[in-house]
Amino acid sequence: MKAEEQIAALGLTLPPAPPRGGVYKPVVVVGGIAYVSGHGPYLGEGEYITGRVGDDLDLAQGNEAARQTGLALLATLRSELGSLDRVKRVVKLLGMVNSTPDFQEHPKVINGCSELFGQVWGEDAGIGARSAVGMGSLPGNIAVEIEGIFELH
Amino acid sequence: MKAEEQIAALGLTLPPAPPRGGVYKPVVVVGGIAYVSGHGPYLGEGEYITGRVGDDLDLAQGNEAARQTGLALLATLRSELGSLDRVKRVVKLLGMVNSTPDFQEHPKVINGCSELFGQVWGEDAGIGARSAVGMGSLPGNIAVEIEGIFELH
Amino acid sequence: MKAEEQIAALGLTLPPAPPRGGVYKPVVVVGGIAYVSGHGPYLGEGEYITGRVGDDLDLAQGNEAARQTGLALLATLRSELGSLDRVKRVVKLLGMVNSTPDFQEHPKVINGCSELFGQVWGEDAGIGARSAVGMGSLPGNIAVEIEGIFELH
């Protein structure tokens, strides 16, 4: 099943593509590779999931924030590329968690995005290389920021 | 107007290309893509803008540090490629701010570099995808570190 | 001398390729470029070098952790590609140090990995572009996490 059919079959509702928060492009395509800017867990109407994982948010809430960030990335990809079916595979994600200094479960947080992409594009094409790490701070105190590289058809 | 002409028209003075601070190359080109190492706000003569944004430095000073980092990136690109006119477009920047845990304005800091690149290469080619995030610490306590990916002619 | 011959000549012992710690692939190859997931200083049998550089670990121990991370990256590359001789050059590393807020020697830490790669693939092909930065926290409190981009033959 193709990605757009999967979105429908899974009953997923994407937020609007997030508004730009600075001087950058949401996506730049070069040589069949789409470089996608860092996204946060956008809920629509200017609202994001905020807070520090390990303090304001627990692991499950952090995972949910990463999944919401994945939905925002999908919204931007659809908006910029016309269709999620143009993505051939997820190449790499950099998952950045707004976490306390003693937090240790960053991979389980970012899995919220990776599992979503596995559902949308399939276990092979939807799962790429990845790093999952803890940041000192993130813009607007968002809980998670994820940037990605995608191969296009 | 081409990038080198713009540099002259804007009256920009580039610092020397920063000295290498470890075991790496300033730029590696593969398949027409230049991968540029993380740069700091180099002022020349071994001096960098240092300090933590949100404590030692305010937002305007952080933005100025990002602009200076952009000038250092331009100096390295010119030194390594021969001319800034060889850059076809900015593909992606990762803007890393040495900031306090409660700092939230990372995009406005990194805009100092992005706006400079928009002036040098134009609003389309000079503006790429981007992430702007807060680090726990940076080498030598520099205020900002930015790495980039550039498409070449 | 080729990389696999160098490994033997240097008497290097690679750890097993680290077990996957989340929903990702260790390596994704697209267009002759291998994107390698963030790796930690894996010792085998589920054990990693852990601790914060500047507090639990000193600079020399951090450098050793980066070297061990390099060995883990080599193990994964050999396991996924069949041979380290398939790597044409190191394109870029992102070296992330689990460090105290006042730590300033991140490049000297990550040199532990870069010098290893220079021995394995040679001073030109083994040394790429790089950023070396300090994180707020890392998964499982590992001392260092490094991700990489490699050009393949």
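Scroll up to find the structure.
Source: prediction; values computed, not measured.

Asks: Run through the relation of the copies chain B and chain A, naming residues and quoting values.
Replies: Of the transformation superimposing chain B on chain A, the axial component is 0.0 Å and the angular component is 120°, with the fit at an RMSD of 0.0 Å. Given the turn and translation reported, the copies of this chain are related as if by a three-fold rotation axis. For chain B, the minimum C-alpha distance to the rotation axis belongs to Gly136 of chain B and amounts to 2.6 Å. The overlap is low: 8% of the interface residues of chain B also sit at the interface in chain A, so different surfaces are used on the two sides.

Asks: Tell me about the nonpolar core, residues and numbers included.
Replies: Nonpolar side chains in soluble globular proteins tend to be buried together. Formed by 149 residues in total, the largest nonpolar core has its most connected members in Met96 and Val144 of chain A, Met96 and Val144 of chain B together with Met96, Val97 and Val144 of chain C. Ignoring sequence-local partners within four residues, the contact set of Met96 of chain A consists of Val133, Met135, Leu138, Val144, Glu145 and Ile146 of chain A together with Val133 of chain B.

Asks: Lay out the interface of chain B and chain A in plain terms, naming residues and giving numbers.
Replies: Listed per partner, the contact involves 26 residues of chain B and 22 residues of chain A. Those elements that provide at least two residues to the side of chain B that touches chain A are strand 5 (87-98), helix 3 (106-121) and strand 6 (129-135) of chain B. The leading source of residues in the side of chain B that touches chain A is helix 3 of chain B, at eight residues. Partitioning the side of chain B that touches chain A into residue classes produces 10 nonpolar, 10 polar and six charged.

Asks: Could you give an account of the sheet that holds strand 6 (residues 129-135) of chain C, with specific residues and numbers?
Replies: All names here are of chain C. Strands sit in the order 1-2-7-5-6 across an open sheet of five strands; the sheet is mixed. Looking at strand neighbours, the two that pair on one side only are strand 1 (27-30) and strand 6, the edges of this open sheet. In this sheet, adjacent strand axes meet at a mean angle of 15° when their direction is disregarded. For strand 1 and strand 2 (residues 33-39), the ladder comprises four bridges, and the chain directions are antiparallel. Residue pairing across strands places Val30 opposite Ile33, the latter belonging to strand 2. On the sheet, helix 2 (residues 59-81) packs against strand 1, strand 2, strand 5 (87-98) and strand 7 (144-152) and is oriented at approximately 40° with respect to strand 7. Relative to strand 5, helix 3 (residues 106-121) is tilted by about 160°, and along the sheet it contacts strand 5, strand 6 and strand 7.

Asks: Got a sec to walk through the pairing of strand 6 of chain C? Specific residues and values, please.
Replies: Residue and element names in this part refer to chain C. Strand 6 sits mainly inside the fold: seven of its seven residues count as buried. With burial as the criterion, each face of strand 6 is covered, one bearing Ala129, Ser131, Val133 and Met135 and the other bearing Arg130, Ala132 and Gly134. Of the strand pairs in this sheet, strand 5 and strand 6 are connected by seven bridges, and their pairing is parallel. Bridging from a neighbouring strand, Met96 pairs with Val133 of strand 6.

Asks: Quick one: what's the story with the sheet that holds strand 7 (residues 144-152) of chain A, residue by residue and with numbers?
Replies: All names here are of chain A. As summarised here, the arrangement of the five strands in space is 1-2-7-5-6, forming an open sheet in which the pairing is mixed. Every interior strand has two partners, whereas the edge strands, strand 1 (27-30) and strand 6 (129-135), have only one. Strand-to-strand, the axes of this sheet are offset by a mean angle of 15°, without reference to chain direction. Sheet topology note: the strand 5 (residues 87-98)/strand 7 ladder contains nine bridges and is antiparallel.

Asks: Could you give an account of the interface of chain C and chain B, naming the residues involved and the relevant values?
Replies: Counting from both sides, the interface comprises 26 residues of chain C and, opposite them, 22 residues of chain B. Those elements giving two or more residues to the side of chain C that touches chain B turn out to be strand 5, helix 3 and strand 6 of chain C. Among the elements that line the side of chain C that touches chain B, the one with the most residues is helix 3 of chain C, at eight residues.

Asks: Before we move on, can you summarise the environment of Leu93 of chain A with the specific residues and values?
Replies: Residue and element names in this part refer to chain A. By the secondary structure assignment, Leu93 is in strand 5. Judged by the 29 C-beta atoms lying within 10 Å of it, Leu93 is buried. For Leu93 and Glu47, which are 46 residues apart along the polypeptide, the C-alpha to C-alpha distance reads 23 Å. If near-sequence neighbours (up to four positions away) are discounted, Leu93 is found in contact with Cys113, Ser114, Gly128, Arg130, Ile146 and Gly148.

Asks: Tell me about the relation of the copies chain C and chain B, and name the residues and values.
Replies: Taken as rigid bodies, chain C and chain B are interconverted by a rotation of 120° and an axial shift of 0.0 Å, the fit giving an RMSD of 0.0 Å. An overlap of only 8% is found between the interface residues of chain C and their copies at the interface of chain B, pointing to separate contact surfaces.

Asks: Give me the packing of helix 2 of chain C against helix 3 of chain C: which residues, what numbers.
Replies: Residue and element names in this part refer to chain C. Relative orientation of the contacting elements helix 2 and helix 3 amounts to 40°, with a least axis distance of 6 Å. What the angle tells us is that helix 2 and helix 3 run oblique. The two elements helix 2 and helix 3 meet at a crossing, and its hand is right-handed. Residue-level inspection shows Leu59, Gly62, Asn63, Glu64, Ala66, Arg67, Thr69, Gly70 and Leu74 of helix 2 in contact with helix 3, the latter providing Lys108, Val109, Ile110, Asn111, Gly112, Cys113, Leu116, Phe117 and Val120. Of the residues assigned to the contact of helix 2 with helix 3, the class counts are nine nonpolar, six polar and three charged.

Thresholds, definitions, all that
- Residues numbered from 1 in each chain as written.
- Chains lettered and ligands numbered in written order.
- Predicted model: local features only at pLDDT ≥ 70, side-chain atom pairs only at ≥ 80, totals over all residues.
- Least-squares fit on C-alpha atoms with pLDDT ≥ 70 in both.
- Contact = placed C-beta atoms within 7 Å.
- Core = buried A, V, L, I, M, F, W, Y, C linked by C-beta atoms within 7 Å.
- Buried ≥ 20, exposed ≤ 12 C-beta atoms within 10 Å, placed from the backbone.
- Helix = DSSP H or I, 4+ residues; strand = E, 2+ residues; numbered from the N terminus.
- Nonpolar A, V, L, I, M, F, W, Y, C, P; charged D, E, K, R; others polar.
- Pairing = 2+ DSSP bridges.
- Axes fitted to C-alpha atoms, helices over the stretch in contact; angles between N-to-C directions.
- Parallel < 35°, antiparallel > 145°, perpendicular 65-115°, else oblique.
- Left-handed = near helix turned anticlockwise from the far one by under 90°.

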